[in-house]
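# Coordinate analysis (summary)
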Amino acid sequence: MTALERQVRTLATAVERLTKQNHDLEEQLKQKNATPNNQGADQEGTSADRRNQEGPQASNTPSKPERQNISIPSLAETTPPLVIAEMQAMKEQMEIMMNALKGRVSSDLNDLVNRTDSPFTATVNSYHLQMFQQMRIDRERLIPTNALLVGFDGSRVFPLGVVTLSVIVGDYPQQIARDVTFLVVDCSSAYNAILGRPTLNSWKAALSIEEHRTVTEPIEKLEEIPLDSSDPGRTTKIGTLANPTVRQELITFLRCNRDVFAWGHEDMLGIDPLVMVHRLNVSPAFPPIRQKKRVFAPERDRAMAEEVRKLQEASFIREIYYPDCLANVVMVKKVSRKWQMCMDFTDLNKAYPKDSYPLPRVDVLVDFTAQHQLLSFMDAFSGYNQIQMHEVDQEKTSFVTSQGLFCYKVMPFGLKNAGITYQRLMNKMFAQQIRRNV
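Since this is a predicted model, take the numbers as computed values, not measurements.

## So, a nonpolar patch on the surface
A cluster of nonpolar side chains, contributed by V364, L365 and F368, occupies part of the molecular surface with about 240 Å² of accessible area. Its place among the elements puts F368 in helix 11 (residues 362-368). Look at F368 and you get partly exposed, because its relative accessible area is 40%.

Structure, rendered in structure tokens:
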């Protein structure tokens, strides 16, 4: 259960408790006001019945003076005015608190939706009115809210209210039951209810997509355009839905800046070590470990030799002698059926601490794209390999192959802090553009 759901549930419970106290107070006042009058009426009725039963004998007895009807003042008349005023003030204060709590629920939901101006189907839990009616849920359970839901396309939906329902997910024994707060909306949708990311994250749910599902076609086709008239192979792709003016401006801009594109490793100048360099910070308490060389099948060994040759030509690795640390190579077949060479840095990663630099959340990055007309993806060519390894730590990345012993001069894949170093570089490079146009 998320913090917002817990808060809404607590506030809803407080509203119900105050409503019950208010109702009980009114009932007590009515009972106390009615009790004296009822007692007087009972006494009068009992005296009349007794006189009827005595009959003629009552005429021989000396007559007694008839009992006069004495009006007993009610509780409201005998209660001091100060007490009545205090009770009325308490009642008014409870009503004010109830309205404030309801307004606080609405304000919190409004802040949640408008905080990122993101599609409500991804940020909050939504429940559609048709399903709400089919389940025959009491309409009084809806708590009013003034939250405004805004989608990617700018459409706006005003919820009818919020309701907390019990949800059971999964099959026994891997099953959880939670109370989830939904926004009830009256709009068309292919789903009866939608669970937002905060709820799924609180459940630690892992979403999976079946392999046999039909892949959705992209809503916009891409067009390949040449950037260099002297080399037809140097091209890039842009969308086809932009208006002609924007399309021509974009093509002109890309062609004027074609020098920033890297078409091969020889076009990569690399990052100046003064700007960013990767350090391992290995603890002296961990002794160096040399892994025993693994034996590979001939097919994998040939693919390994080809990868080593490419890395040497790109000056990403260098040969090394008498290393203290030594890692093995792991050959993995990619989707394209080609072999990829990876490094087993399991022992090395245990010898230095984890960098706590914060990484961006994917869902937040997606939310930032809302209300922007154009979306551009930049693929850094061998991005990790453009960052230099610190000279002291280069030999710690040594690995063994059939062709010899080598170590990395650039930051390789497989180091546990490599992604964080790359994120530091991106934040430093685009410091002026992040959250503005990046």
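## Notes on unusual backbone geometry
Leaving glycine aside, a negative phi is the common case for residues, and trans is the common case for peptide bonds. In the Ramachandran plot, S315 falls in the positive-phi region, its phi being about 60 degrees despite a non-glycine side chain. Note that S315 resides in the loop between helix 9 (298-313) and strand 10 (317-319). By relative accessible area, which is 40% here, S315 ends up partly exposed. Unlike most non-glycine residues, R337 shows phi in positive territory, near 70 degrees. Turning to its location among the elements, R337 is positioned in the loop between strand 11 (329-333) and strand 12 (339-343). For R337, a relative accessible area of 60% corresponds to the exposed category.

## Description of the packing of aromatic side chains
The full count for this structure, using the stated rule, is four aromatic pairs. Seen in terms of ring centroids, F399 and Y408 are 5.5 Å apart; in terms of plane orientation they differ by 40 degrees. Their pairing is tilted. Across this residue pair, the class does not change: F399 and Y408 are buried. An aromatic cluster is defined as three or more aromatic residues linked by ring pairs; in this entry it consists of Y384, F413 and Y422. The lysine or arginine in question, K416, covers the ring of Y352, its NZ or CZ lying 5.0 Å from the ring centre.

## Side note on the confidence of the model for the chain
Put simply, the chain has an average pLDDT of 75, and 68% of its residues get 70 or more. Below a pLDDT of 50 lies the segment residues 50-76, which in the model reaches 11 contacts outside its immediate sequence neighbourhood of four places, other chains included. Here residues 100-122 scores under 50 on pLDDT; set against residues more than four positions off or in separate chains, the count is 58 contacts.

## What about the pattern of salt bridges?
Overall, the coordinates contain 10 salt bridges when judged by the stated rule. The shortest N-O distance in the salt bridge between E223 and R247 comes to 2.7 Å. In this pair, E223 is assigned in strand 7 (residues 222-226) and R247 in helix 8 (residues 244-256), connecting sequence segments 24 residues apart. Classification of R247 as partly exposed rests on a relative accessible area of 26%. The residue D393 makes a salt bridge to K396 at a minimum N-O spacing of 3.6 Å.

## Looking at the nonpolar core
If you look at the biggest cluster of nonpolar residues, it comprises 32 residues, and the most contacted ones within it are I317, M341 and L415. Secondary structure elements with two or more residues in this core: helix 9, strand 11, strand 12, strand 15 (404-408) and helix 12 (418-429). Ignoring sequence-local partners within four residues, the contact set of I317 consists of V308, L311, Q312, F399, F406, C407, Y408 and K409. Ranked by size, the runner-up nonpolar core spans 11 residues in total, among them I137, L142, L200 and W203.

## Points about the side chain of D344
Among the secondary structure elements, D344 is positioned in the loop between strand 12 and helix 10 (346-349). A polar atom in the side chain of D344 sits 2.6 Å from the side chain of T346. With sequence-adjacent residues up to four places away left out, D344 is seen in contact with Q291, R294, A327, N328 and V330.

## Digging into the sheet that holds strand 15
The three strands lie next to each other as 10-15-14, forming an open sheet whose pairing is antiparallel. The sheet is open, and its two edges are formed by strand 10 and strand 14 (399-401), each paired on a single side. Direction aside, neighbouring strands of the sheet carry axes that sit 40 degrees apart on average. Pairing between strand 10 and strand 15: three bridges, direction antiparallel. Of the residues in strand 15, the one forming a bridge with E319 is F406.

The rules we used
Note on numbering: residues in each chain are counted from 1, in written sequence order. Whole-chain, interface and lining totals are the exception, using all residues; otherwise, since this is a predicted model, local features are given only for residues with pLDDT of at least 70 and side-chain atom pairs are given and counted only at 80 or more. In computing side-chain values, all of the structure's heavy atoms are included and hydrogens and water are not. Patch definition: residues above 30% relative accessible area lacking any salt bridge, with like charges linked at up to 9 Å and the nonpolar side chains Val, Leu, Ile, Met, Phe, Trp and Tyr linked at up to 5 Å. The protein chains shown are the only cover counted for residues, whose accessible areas, like all others here, come from Shrake-Rupley with a 1.4 Å probe. Put simply, a salt bridge is a Lys or Arg side-chain nitrogen that is within 4 Å of an Asp or Glu carboxyl oxygen. Secondary structure counts use DSSP, requiring at least four H or I residues in a row for a helix and at least two E residues in a row for a strand, with both numbered from the N terminus. Residue burial is assigned from relative accessible area. The probe radius is 1.4 Å, only protein chains are included, and a residue is buried under 20% of its type maximum, exposed over 50%, and partly exposed in between. Each pair of aromatic rings taken from Phe, Tyr and Trp, with Trp reduced to its six-membered ring, is defined by centres within 6.5 Å and is described as stacked if the planes are under 30 degrees apart, edge-to-face if over 60, and tilted in the remaining cases. The criterion for a charge sitting over a ring is simple: Lys NZ or Arg CZ within 6 Å of the ring centre, and within 35 degrees of the ring normal. Values of pLDDT, which run from 0 to 100, indicate the predictor's confidence residue by residue. We call two residues in contact when some of their heavy atoms are within 4.5 Å. For our purposes a nonpolar core is just a set of buried Ala, Val, Leu, Ile, Met, Phe, Trp, Tyr and Cys residues, chained together by side-chain atoms within 4.5 Å. N or O atoms closer than or at 3.5 Å make up a polar contact, with two conditions inside protein: a donor-capable atom paired with an acceptor-capable one, and, for residues adjacent in sequence, both atoms drawn from side chains. Paired strands, in this sense, are two strands between which DSSP finds at least two bridges. Between N-to-C directions, angles cover 0 to 180 degrees, with each direction set by a line fitted to C-alpha atoms, over the stretch in contact for helices.

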